[in-house]
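Now for the letters of each chain:
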There are 2 protein chains.
Amino acid sequence: MTTRPVQIIGAYLSPYVRKVLVVLELKGVAYEIDPLTPFMGDDRFSLLSPVRRVPVLIDDVVTLADSSVICQYLEDRYPKPALYPIDIFDRARARWLEEYADTRMGEVFIWHLFNQLIIKRFVWGEPTDQAVVDRAKNEEIPSILDYLETQVPASNCLFGDLSIADISIATFFRNAAYARYAVDARRWPKVAAYVERILAEGPFAKLKKFEDLSSRTPIDQQRTVLREAGAPISVETYMTTQPRRGVLQI
Amino acid sequence: MTTRPVQIIGAYLSPYVRKVLVVLELKGVAYEIDPLTPFMGDDRFSLLSPVRRVPVLIDDVVTLADSSVICQYLEDRYPKPALYPIDIFDRARARWLEEYADTRMGEVFIWHLFNQLIIKRFVWGEPTDQAVVDRAKNEEIPSILDYLETQVPASNCLFGDLSIADISIATFFRNAAYARYAVDARRWPKVAAYVERILAEGPFAKLKKFEDLSSRTPIDQQRTVLREAGAPISVETYMTTQPRRGVLQI
């Protein structure tokens, strides 16, 4: 067994990076991170992640570039504690909720909300398209919350102990908060309480400090500032100076 | 154990439906199909598939609406023959290739090629955007094939026996063929031979008959024509008469 920590490429503010870091924290796997905003990846990053997505995981054996694939791999390699339900029917439902979060919540919370309000302004210097934000807030997010309200439990987690489904759903609400969106607890009481409950779990709480720092530090200073704050910043970086769009445009 | 066949909702021409049907065929699981073009789903379909995607699987216990989640569930419930590599590192790589195919190949082969040339014309009566098709053929597909050429083997399958990775990749080339796109074997010799090899496997070959029929039969006659040709068409249908766009617009 190697003793080199698992290498993670990807910014603390990415919901998909957060998901993988929470899994690593829960399983007690040591890691180092290159807190890369995916638009700032260099040519070597394109080779590691063919669609220029984060996170990327690199360890002694594999290089993987999708959060769901990474989490399932971590479960296979480090089975304890189990983050996928044992029951195969619950496990299928957990994976469905993970997929729903990754794609539909990703599309709306990240691309229509966070991207418009944060990424476009701070990475690209472009104005927010308010019509996109309004549609997200008035139509798309309510539709997602209506669905989640039928899925999440009134107490505890979805499948007993904390699972990949809880982690995958909750991570998007941290980004929503950075975009100043809060769930209306009168309209979606179960979701509002559930999100608050899951985001209070140890690993989510621990990571928040580094996310807050990232959110108020210019990209080119983040590695230094995060390292000084105690984040496990890797030696190697895949950052370039010129922002570049991804391949996957959703 | 129930003896009712597994119910699949989704058209034979969908690459994601084909992927699930190939898995069902390989595992010898009996199924019935409602060959639904997702745009033709009724309101009950929206409840089963919140992002209006196909395939949907319904059996005695679960309802699932994502091909990767469905295939993993089928592997868990019907383990033989194994379609995910036993080795956890190979398994992770297989899942990565499945994810790459589902998202990146889906975006380009389906939305930029098949959608433009087939779906837009025959479902929506809209003209092809030739610029999108040209960019797919001249830039996006070559980039995908360059990547796959570094991944696929010169003979046999990716991981010994036929696996979820082979099935997930090959299925898109059947749709490419319906859009009259063929891989240039001089430029990408390994991919060209690999695709031909995988699509010649029994289940892919068996399904082709029903795909060909679907491709030349008006939507409202497909259930009847397919049933007469011996396809296991379900009694229940979720088809409506008025086409409706999905939620996920990639």
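Located above this text is the structure these notes cover.
No experiment lies behind these values; they were computed from the predicted model shown.

A. Layout of the relation of the copies chain B and chain A. Expressed as a screw transformation, the operator carrying chain B onto chain A has a rotation angle of 180° and an axial translation of 0.0 Å, and the superposed copies differ by an RMSD of 0.0 Å. Here the copies are linked by what is in effect a two-fold axis. Here 100% of the interface residues in chain B have copies in chain A that are interface residues too; the copies meet face to matching face.

B. Up close: the pairing of strand 2 (residues 31-34) of chain A. All names here are of chain A. Two elements, strand 1 (residues 6-9) and strand 2, share four bridges in a ladder whose sense is parallel. For Gln7, the partnering residue across the bridge sits in strand 2 and is Glu32. After leaving strand 1, the chain enters helix 1 (residues 15-27) and then returns to the sheet as strand 2, a path that is right-handed.

C. Highlighting helix 8 (residues 202-215) of chain A. Residue and element names in this part refer to chain A. Relative to the 20 Å expected for 14 residues at 1.5 Å per residue, helix 8 spans 20 Å between its end C-alpha atoms, a close match to the ideal helical length. Turning to helix 8, its buried residues are Pro203, Phe204, Leu207, Phe210, Glu211, Leu213 and Ser214. Among the structural elements, helix 1, strand 2, helix 6 (164-178), helix 7 (189-199) and helix 9 (222-228) are those in contact with the buried residues of helix 8.

D. Structural view of the side chain of Asp102(A). All names here are of chain A. Topologically, Asp102 is positioned in helix 4 (residues 88-122). Relative accessible area serves as the criterion here: at 12%, Asp102 is assigned to the buried category. There is a polar contact of 2.5 Å between the side chain of Asp102 and the side chain of Ser68. Residues within four places of Asp102 in sequence aside, it is in contact with Tyr16, Lys19, Ser67, Ser68 and Phe172.

E. Quick peek at the interface of chain B and chain A. Counting from both sides, the interface comprises 30 residues of chain B and, opposite them, 30 residues of chain A. Each partner contributes to the roughly 2700 Å² buried at the junction of chain B and chain A, and carbon and sulfur atoms together form 74% of this total. For Asp76(B), the salt bridge goes to Arg95(A), with nearest N and O atoms at 3.3 Å. Summed over the shared surface of chain B and chain A, the number is eight residue pairs in polar contact (both at pLDDT 80 or more). For the side of chain B that touches chain A, the secondary-structure elements that each account for two or more residues are helix 3 (67-77) and helix 4 (88-122) of chain B. Looking at the side of chain B that touches chain A residue by residue, the class counts come to 17 nonpolar, three polar and ten charged.

F. Geometry of the sheet that holds strand 4 (residues 63-64) of chain A. Residue and element names in this part refer to chain A. As summarised here, the arrangement of the four strands in space is 2-1-3-4, forming an open sheet in which the pairing is mixed. In the strand order of this sheet, the two ends are held by strand 2 and strand 4, each with one partner. Across the face of the sheet, helix 1 comes into contact with strand 1 and strand 2 while running at roughly 165° to strand 2. The strands that helix 3 (residues 67-77) touches are strand 3 (56-58) and strand 4; relative to strand 3, the one it contacts most, it runs at about 35°.

G. Spotlight on the packing of helix 4 of chain B against helix 6 (residues 164-178) of chain B. Residue and element names in this part refer to chain B. At a closest axis distance of 9 Å, the pairing of helix 4 and helix 6 adopts a crossing angle of 10°. With respect to each other, helix 4 and helix 6 are oriented roughly parallel. Here Ala94, Leu97, Glu98, Ala101, Asp102, Met105, Gly106, Phe109, Ile110, Leu113, Phe114 and Ile118 of helix 4 lie close against helix 6, whose contacting residues are Ile164, Ala165, Ser168, Ile169, Phe172, Phe173, Asn175, Ala176 and Tyr178. Class assignment for the residues of the contact of helix 4 with helix 6 results in 16 nonpolar, three polar and two charged.

H. Structural detail: the pattern of salt bridges. All names here are of chain A. All told, the structure shown has 38 salt bridges over all chains when counted by the stated rule. Of the charged contacts in the structure, one is a salt bridge between Glu236 and Arg44, with a shortest N-O distance of 2.9 Å. Note that Glu236 is positioned in the segment after helix 9 and Arg44 in helix 2 (residues 43-48), a separation of 192 residues in sequence. Asp212 serves as the salt-bridge partner of Lys208, at 3.1 Å between the closest nitrogen and oxygen. Within this pair, Lys208 and its partner Asp212 are both found in helix 8, separated by four residues, close to a single helical turn.

I. Here's a closer look at the environment of Ala177(A). The residue Ala177(A) is located in helix 6 in this model. Through-space distance from the C-alpha of Ala177(A) to that of Leu158(A) is 22 Å; in sequence the pair is 19 residues apart.

J. Quick look at unusual backbone geometry. Of note, the bond from Lys80(A) into Pro81(A) is cis; its omega dihedral lies within 30 degrees of zero at -10°. Checked against the element boundaries, Pro81(A) lands in the loop between helix 3 and helix 4. With a phi close to 55°, Arg52(A) is a non-glycine residue in the positive phi region. Accessibility expressed as a relative area gives 5% for Arg52(A), which makes it buried. Although it is not a glycine, Asn156(B) sits at a positive phi angle of roughly 60°. Checked against the element boundaries, Asn156(B) lands in the loop between helix 5 (130-149) and helix 6. Assessed through its relative accessible area of 55%, Asn156(B) is described here as exposed.

K. Representation of the side chain of Gln7(A). Residue and element names in this part refer to chain A. One can find Gln7 in strand 1. Here the side chain of Gln7 touches Pro5 through a polar contact of 3.1 Å, landing on its backbone oxygen. Within the structure, Gln7 has its side chain in polar contact with the side chain of Glu32 (distance 3.0 Å). When neighbours within four sequence positions are excluded, Gln7 is seen to be in contact with Glu32, Val56, Leu57, Ile58 and Ser234.

L. Just the sheet that holds strand 3 (residues 56-58) of chain B, in detail. All names here are of chain B. With respect to topology, four strands assemble into an open sheet ordered 2-1-3-4, the strand pairing being mixed. With partners counted over all chains shown, the strands left at the sheet margins are strand 2 (31-34) and strand 4 (63-64), one partner each. Contacting strand 3 and strand 4, helix 3 runs over the sheet at an angle of about 35° to strand 3.

M. Here's a closer look at the state of the cysteines. For the coordinates displayed, the defined rule picks out zero disulfides over all chains. Cys71(B) carries a free sulfur, and the closest cysteine sulfur to it, the one in Cys157(B), is 16 Å from it.

Calculation notes
- Residues numbered from 1 in each chain as written.
- Chains lettered and ligands numbered in written order.
- Predicted model: local features only at pLDDT ≥ 70, side-chain atom pairs only at ≥ 80, totals over all residues.
- Heavy atoms only, no water.
- Least-squares fit on C-alpha atoms with pLDDT ≥ 70 in both.
- Contact = heavy atoms within 4.5 Å.
- Pairing = 2+ DSSP bridges.
- Helix = DSSP H or I, 4+ residues; strand = E, 2+ residues; numbered from the N terminus.
- Right-handed = clockwise from strand over helix to strand, strands pointing away.
- Expected span 1.5 Å × (residues − 1).
- Buried < 20%, exposed > 50% of the residue type's maximum accessible area, 1.4 Å probe, protein only.
- Polar contact = N/O pair within 3.5 Å; in protein donor to acceptor, adjacent residues only side chain to side chain.
- Buried area = accessible area lost by both parts, 1.4 Å probe.
- Salt bridge = Lys/Arg side-chain N within 4 Å of Asp/Glu carboxyl O.
- Nonpolar A, V, L, I, M, F, W, Y, C, P; charged D, E, K, R; others polar.
- Axes fitted to C-alpha atoms, helices over the stretch in contact; angles between N-to-C directions.
- Parallel < 35°, antiparallel > 145°, perpendicular 65-115°, else oblique.
- Disulfide = S-S within 2.5 Å.

Bear in mind that shape data such as this cannot, by itself, settle questions of function.
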